[in-house]
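Here is how the chains run, residue by residue.
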Amino acid sequence: MKSSLIIFSCLVLGCKDSSVKRNTSDLNHEMKRVNCVERIFEKDSVLGNIRNHASENISLSEAIINYTRALESLDFTSCPEKFKSAFGEHIEAWKGVAEISNKYPLLRGELHDVFAELEKSEDSIAFKFLVKQVWDTWKTVDESVKTLNQ
């Protein structure tokens, strides 16, 4: 009887210990996911600022290519799959904008000023649609992050 009680106690304590280890492991995993998302957002902010001003000296298409390549080189390894997927779609949406900006290689200015010019161009309808895709995919990126805290 005494040995049964010892075995039972060890099993209970062992289970409790593994539960704590599992909770710690889950917490570490979640922290890595959150840190990855925060890091990507920080880098995107820096890269976005560079992109916004790069078109003052190079074509908008070149600025977009540089921006999307830099985003693609970021380490998304610890990020949640939903976030990675949404961000990938956002990158592709940006590449789509270059389909129109390729037609205007000499247009220069801060990104928003260039966008304003393209919105008045003969390609305005297509351009506005592509910019909407950028915003729609960004909304999906944003929504993918909101589920992290639930």
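Structure's up top.
Residues numbered from 1 in each chain as written. Predicted model: local features only at pLDDT ≥ 70, side-chain atom pairs only at ≥ 80, totals over all residues. Heavy atoms only, no water.

**Side note on the overall build of the protein**
For clarity, the cut-off: In this description a helix means any DSSP run of H or I spanning at least four residues, a strand means any run of E spanning at least two, and both kinds are numbered starting from the N terminus. Between buried and exposed lies partly exposed: a residue is buried under 20% and exposed over 50% of the maximum accessible area for its type, with that area taken using a 1.4 Å probe on protein chains only. We call two residues contacting when some pair of their heavy atoms lies within 4.5 Å. Using the Shrake-Rupley algorithm and a 1.4 Å probe, accessible areas are obtained, with residue cover drawn only from the displayed protein chains.
Per the secondary structure count, the protein includes five helices and zero strands. For the protein, the α and β elements follow one another from N to C terminus as α-α-α-α-α. Here the protein holds 150 residues, and the buried ones make up 34% of them. The long-range fraction of contacts in the protein, counting pairs at least 24 apart against all pairs at least 6 apart in sequence, stands at 71%. Of the roughly 9,700 Å² of accessible surface on the protein, 57% is carried by carbon and sulfur atoms.

**Digging into the state of the cysteines**
Put simply, the rule reads: The definition used for a disulfide is geometric: two cysteine sulfur atoms within 2.5 Å.
On inspection of all chains with the given rule, the structure shows one disulfide. The side chain of C36 participates in a disulfide bridge whose partner is C79; the two sulfur atoms lie 1.9 Å from each other. Taking the sign of the S-S torsion, -90° for the link of C36 and C79, the bridge is left-handed. Of this pair, C36 sits in helix α1 (residues 2-54) while C79 sits in the loop between α2 (60-72) and α3 (81-101); the two residues are 43 residues apart in sequence, bridging distant segments of the chain.

**Let's talk about the pattern of salt bridges**
Quick reminder of the rule: Here, a salt bridge means any side-chain nitrogen of Lys or Arg that lies within 4 Å of a carboxyl oxygen of Asp or Glu.
Inspection of every chain in the model, using the stated rule, returns eight salt bridges. A salt bridge links K95 to E72; its shortest N-O distance comes to 2.6 Å. Linking K95 in helix α3 with E72 in helix α2, this pair joins segments that are 23 residues apart in sequence. A salt bridge links D123 to K103, with the shortest nitrogen-to-oxygen separation between them at 3.1 Å. Of the two residues, D123 is situated in the loop between α4 (111-118) and α5 (124-146) and K103 in the loop between α3 and α4; the sequence distance between them amounts to 20 residues.

**Side note on the packing of aromatic side chains**
What counts is decided by this rule: Think of it this way: a Phe, Tyr or Trp ring, Trp meaning its six-membered ring, pairs with another when their centres are within 6.5 Å, and the plane angle makes it stacked under 30 degrees, edge-to-face over 60, tilted otherwise.
Inspection of the entire model under this criterion finds nine aromatic pairs. With a centroid separation of 5.6 Å and an interplanar angle of 85°, the aromatic rings of F41 and F83 are classed as edge-to-face. In this pair, F41 is assigned in helix α1 and F83 in helix α3, connecting sequence segments 42 residues apart. We classify F41 as partly exposed; its relative accessible area is 23%. Accessibility expressed as a relative area gives 1% for F83, which makes it buried. For the ring pair W94 and F115, a centre distance of 6.2 Å and an interplane angle of 40° mean the geometry is tilted. Pair noted here: W94 is in helix α3 and F115 is in helix α4, with a separation of 21 residues, a long-range link. The exposure class assigned to W94 is buried, which follows from its relative accessible area of 5%. Members of the aromatic cluster, each reached through a chain of ring pairs, are F41, F76, F83, F87 and W138.

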